[in-house]
Amino acid sequence: PKEPFTWEVYLKETSSVAASPSCFRQSRVPPSNDFKIGMKVEARDPRNSTSVCIATVMGLMGTRLRLRLDGSDNTNDFWRLVDSSEIQPVGTCERSGDMLQPPLGFRMNASSWPMFLLRTLSGAEIAPASAFKKEPAKPPQNHFRPGMKLEAVDRKNPYLICPATIGEVKADEIFVTFDGWRGAFDYWCKFYSRDIFPVGWCSLTRHGLQPPGNSSTKNLIPTLIPSKASSSRRSSMQSPYRLPHPLPPLPVRKGVRGRRPKSQT
Ligand code: MLY
């Protein structure tokens, strides 16, 4: 029976180190999540960052909120930390002299927006200002190094937080690689991204942590290995990769006397 994932065992197994908490734009003591399902907040529209909209808290996970813009459909939910600068108490927008906007893809006629907004907010539970926490400051510099471990939001499945490794560091950016997933979910982000957390964050905040995937980088067929030795003899048009072994011969279809090769499916 396979042991459940723990960082303690995994760091040993992979002989790797966790990135220091000081590398991250996250509080050393995670904030409490004082929101409740159904509460209304103001949120920047993720698809149109110039507008501030009304959103409803649809779910809570650790220090994160699952949000849905009122007047939008249920297919564009997004996640924000309780100390995100992209959410604020209802009334903040108006006090600063701005107007609440309908979300991109508002499902009604634009002319019905003022009445929709009125009905949305009347009698609704408004999240108290005390639930919104101050966003931590950016760390002054990028202290990440390749090989350091962290926990990171899977941006293709943003409800998931997963074990990850720093693959590359370039100026104020880092390449986040997802352990055991062959690169399909990897991304570049700023070192001060809010989507990355120190090892232990999920456990501390009672957020689920995905186990590493099981895709090995070995045994890929065909396995492409960068060739170093031949690089000086290569013309710029040739691939920097070579196949490690000759490919197996293709099955040959013989005439009437022969048998057809068996299907591989
Ligand atoms: N089953 C989905 C979700 C994969 C999630 C990968 N994350 C954890 C890096 C898929 O295979 O696409």
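Quick note: structure is the one above.
To keep things clear, this report deals only with the structure shown in the data block. None of these values were measured; they are calculated from a predicted model.

## Examining the pattern of salt bridges
Counting across every chain of the model gives 13 salt bridges. Put simply, Lys-190 and Glu-173 hold a salt bridge, and the shortest N to O gap is 3.4 Å. Of the two residues, Lys-190 is situated in strand S9 (residues 187-190) and Glu-173 in strand S8 (residues 173-178); the sequence distance between them amounts to 17 residues. Salt bridges sharing partners connect three or more residues here, namely Arg-25, Asp-83, Glu-135 and Arg-194.

## Focus: the layout of surface pockets
The computed volume of the largest pocket comes to approximately 500 Å³. Lining the largest pocket are 26 residues; nearest its centre among them are Phe-78, Trp-79, Arg-80, Glu-86 and Asp-195. By residue number, the principal contributor to the lining of the largest pocket is strand S4 (residues 78-81), which donates four residues. Residues that form the lining of the largest pocket fall into these classes: ten nonpolar, four polar and twelve charged. Estimates place the volume of the second largest pocket at around 240 Å³. Around the second largest pocket, the lining residues are Lys-2, Glu-3, Pro-4, Phe-5, Thr-6, Val-9, Tyr-10, Glu-13, Pro-211, Pro-212, Gly-213 and Asn-214. Of the residues belonging to the lining of the second largest pocket, the class tally is six nonpolar, three polar and three charged.

Thresholds applied
Residues numbered from 1 in each chain as written. Predicted model: local features only at pLDDT ≥ 70, side-chain atom pairs only at ≥ 80, totals over all residues. Heavy atoms only, no water. Salt bridge = Lys/Arg side-chain N within 4 Å of Asp/Glu carboxyl O. Helix = DSSP H or I, 4+ residues; strand = E, 2+ residues; numbered from the N terminus. 1 Å grid on protein atoms, 1.4 Å probe; cavity = no way out; pocket = protein on both sides within 12 Å on 5 of 7 lines; lining within 4 Å. Points joined across faces, edges and corners; volume = space filled by probe spheres on them. Nonpolar A, V, L, I, M, F, W, Y, C, P; charged D, E, K, R; others polar.

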